[in-house]
Amino acid sequence: MLMMGYLIWFNVAVAPGIINNPYNKRVDNQENKVVRGDILASDGSVLATTEVDEDGKETRVYPFGNTFCHVVGLSSAKTGIEGMENYHLLSEDANVLKQLANDATGEKAMGNTSITTLDMDLQETAYNALGDNKGAVIVMEPKTGKILAMVSKPDYDPNDAATDYSEWLTYDSTDSVLLNRATQGLYPPGSTFKIITALEYIREYDEDDYSYDCTGSAYAQGGTTIPCSNNKAHGQENLQKAFANSCNSAFSSIGLQLDKTKFRSLCNTLLFNSKLPINMEHSVSSFAVDETSGISEVQETAIGQGRTMVSPIHNLMITAAVANNGVMMKPYLVDRVETAEGTLVEQYQPQEAATVMTAEESGLITEYMRSVVTSGTGYALKNASYEAAGKTGSAQYDSSENVHSWFVGFAPFDDPQIAVCVVLEGGYTGKDAQYTAKKVFNEYFK
Ligand SMILES: [Zn+2]
């Protein structure tokens, strides 16, 4: 499924987009008149600029190389912010006198500058925390949707694109350096999906009435046997404890108690099976259960396996909605656009995407996610100086022992300032995803 996701992305999404987009061609005519503007980090550090030599030859330069490669993107391929902001970077809003002077002398004007929401320290921390693993790290303010960091690996040096891009295109899809896994990767959500299963359960039932005796696995007649991690018997659990323990037996049986139509409807509200409200290239998450689904598919889906697939940015948006009283914000990467001289052209404001759950529901899920850290599988964050809430996940994707490792969470749990999503692809080395997330939280709250 994972490989299929990549292949679909390459064949359907990217190739025609790059080659056939007439909008890009039209805007690119501007390149004869305007020197492409700069892309800056939130502190003013230059992430992309255009150097012009004596002969007027222009070279796009990325001072921080690999660290920002996917999120800033490539001007040549119109990916990332380079693609999103193409129009602004090739527009010049300098005053009329300056424009007239440029026209008279034939001199090229300087394009506008995009000042992003990206935080230098958090981006570098996230980049280093991911290490040599394949995967993604994204950091967002849940209250605004502001993206503070976005990293995907494997990565590339955008300064080498002129010579190496055609070779990068030939890479096997699972090894692709061009794929921005943060937005375009599709993975089974594993146990992070229990956030959604729990939400649907508390909508249909009274959580106080829930109790379950875990014996280490759960068999359903006509379905399949779902084991808990290492076949551990979790014993007697209420819903909060089952969530903190990430008890597969409990949650697969919860899945069978849910109304399939309502479950699907919730997932559609959460933006499964549809485009996300972001300008950047991304893949559509899928939720496959409907009225016709069989028992084993429902058991598997309830614990984030089966045919459910999610992108990291989407998983982060759902987590951030929990952190933001049920209001899902539109993620955004550009704070404002200025002229080359620093005059404001456009200022972006936080925007709500949708209210996806009630404040009461988000409060309850937050409690559950807090107990993951205080008494459950999120132990890496237990003794941190800040009080985090989160959900771990490990997702099987083939018959091997390898799993993808997930962490989604936010801190402080009672007044969330940042939400973090980490996915480490199967075969990762070192500790699991919660430790990667911890390095990012540590940097933010240091
Ligand atoms: Zn269990």
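Predicted model, so just to flag it, every value in this text is computed and none were measured.

Cut-offs applied
- Residues numbered from 1 in each chain as written.
- Predicted model: local features only at pLDDT ≥ 70, side-chain atom pairs only at ≥ 80, totals over all residues.
- Helix = DSSP H or I, 4+ residues; strand = E, 2+ residues; numbered from the N terminus.
- Rg over C-alpha atoms; globule rule 2.2 N^0.38 Å.
- Buried ≥ 20, exposed ≤ 12 C-beta atoms within 10 Å, placed from the backbone.
- Contact = placed C-beta atoms within 7 Å.
- Pairing = 2+ DSSP bridges.
- Axes fitted to C-alpha atoms, helices over the stretch in contact; angles between N-to-C directions.
- Core = buried A, V, L, I, M, F, W, Y, C linked by C-beta atoms within 7 Å.
- Parallel < 35°, antiparallel > 145°, perpendicular 65-115°, else oblique.
- Left-handed = near helix turned anticlockwise from the far one by under 90°.
- Nonpolar A, V, L, I, M, F, W, Y, C, P; charged D, E, K, R; others polar.
- pLDDT = per-residue confidence, 0-100.

1. Re the overall build of the protein
Each helix and strand counted, the protein has 17 helices and 19 strands in total. The C-alpha radius of gyration of the protein comes to 23 Å, within 12% of the 22 Å expected for a compact globule of 446 residues. For the protein, the spread of C-alpha atoms along the three principal axes comes to 80 × 40 × 40 Å. The buried share of the protein, reckoned over its 446 residues, is 50%. In the protein, once contacts between residues fewer than 6 apart in sequence are set aside, the share between residues at least 24 apart is 67%.

2. Considering the environment of N66
Along the chain, the position of N66 falls in the loop between β4 (58-61) and α3 (69-72). Through-space distance from the C-alpha of N66 to that of D157 is 4.6 Å; in sequence the pair is 91 residues apart. Residue contacts for N66: discarding those within four places in its chain leaves D155, Y156 and D157.

3. Topic: the pairing of strand β6 (residues 113-116)
One face of the sheet, then the other: side chains in a regular strand alternate in exactly this way. Side chains T113 and I115 of β6 all project onto a buried face; the interleaved residues S114 and T116 project onto the opposite face, where all are buried too. Taken together, the 2 bridges between strand β2 (residues 39-40) and β6 define a ladder with parallel strand orientation. Within β6, the position partnered with I39 by the bridge is S114. Both β6 and strand β14 (residues 334-338) contribute to a ladder of 4 bridges, which runs antiparallel. Along β14, the bridge assignment pairs T116 with V334.

4. Structural notes on the sheet that holds strand β15 (residues 344-347)
As summarised here, the arrangement of the 6 strands in space is β4-β3-β2-β6-β14-β15, forming an open sheet in which the pairing is mixed. Both edges of this open sheet fall to β4 and β15, since each of them pairs with a single strand only.

5. Things to note about helix α14 (residues 295-302)
α14 sits mainly inside the fold: 6 of its 8 residues count as buried. When we look at burial in α14, the residues that qualify are E297, V298, Q299, E300, T301 and A302. Once α14 finishes, G304 follows within two positions and takes phi at roughly 80°, a positive value.

6. Focus: helix α10 (residues 194-204)
When you tally the buried positions in α10, you get 8 out of 11 residues, the bulk of the element. Regarding α10, the residues found buried are K194, I195, I196, T197, A198, L199, E200 and Y201.

7. Points about the sheet that holds strand β8 (residues 147-153)
The sheet built from 5 strands is open, its strands ordered β8-β7-β19-β18-β17 with antiparallel pairing. Across the chains shown, the open sheet's two edge strands, defined by having one partner strand only, are β8 and β17 (389-396). If you compare each strand with its neighbour and ignore which way they point, the axes differ by 5° on average. Both strand β18 (residues 403-411) and strand β19 (residues 418-424) contribute to a ladder of 7 bridges, which runs antiparallel.

8. Let's talk about the nonpolar core
Core analysis: the largest hydrophobic core is formed by 113 residues, its most contacted members being A126, V137, I138, V139, A149 and V422. Looking at which element gives the most residues to this core, the answer is helix α15 (residues 312-323), with 8 residues. Non-local contacts of A149, meaning those with residues more than four positions away in its chain, are made with L118, D119, L122, Q123, A126, V137, I138 and V139. In terms of nonpolar packing, the next biggest core, distinct from the first, is built from 6 residues, V34, L89, L90 and A109 among them.

9. Describing the packing of α10 against helix α12 (residues 248-257)
Between α10 and α12, whose axes approach to 10 Å, the crossing angle comes to 45°. By the criterion of interaxial angle, the relationship of α10 to α12 is oblique. At the point where α10 passes α12, the crossing takes the left-handed sense. Across from K194, T197 and Y201 in α10, the residues of α12 making contact are F251, I254 and G255. Of the residues contributing to the contact of α10 with α12, the split by class is 3 nonpolar, 2 polar and 1 charged.

10. Observations regarding the packing of α10 against helix α16 (residues 359-375)
Where α10 contacts α16, the axes come no closer than 10 Å and their chain directions differ by 130°. It follows from the interaxial angle that α10 and α16 lie oblique. Seen along the crossing, α10 lies across α16 with a hand that is right-handed. Between α10 and α16, the contacting residues are I195, A198, L199 and I202 on the first element and E361, L364, I365 and Y368 on the second.

11. Focus: the confidence of the model for the protein
Of the residues in the protein, 92% have a pLDDT of 70 or more, and the chain-wide mean is 92. Residue range residues 6-20 is modelled with pLDDT below 50. Its contacts to residues more than four positions away, or to other chains, number 14 contacts.

12. Things to note about unusual backbone geometry
Cis geometry is found at the peptide bond from K153 to P154, where omega equals 10°. By secondary structure assignment, the location of P154 is in the loop between β8 and α8 (161-169). Following A411, the chain continues to P412 via a peptide bond in cis, the omega torsion being -15°. By secondary structure assignment, the location of P412 is in the loop between β18 and β19. A positive phi angle is found at N231, which is not glycine, with a value near 55°. Overall, the presence of 11 C-beta atoms within 10 Å leaves N231 in the exposed class.

13. Comments concerning the pairing of strand β3 (residues 46-52)
By the bridge criterion, 2 bridges tie β2 to β3 in an arrangement that is antiparallel. Considered in β3, the bridge of L40 is made with V46. Looking at chain direction, β3 and β4 are connected through 4 bridges and run antiparallel. Paired with E51 across the strands is T59, a residue of β4. Linking two consecutive strands that pair antiparallel, namely β3 and β4, is a turn of 5 residues; a positive phi of about 85° is found at G56 within it.

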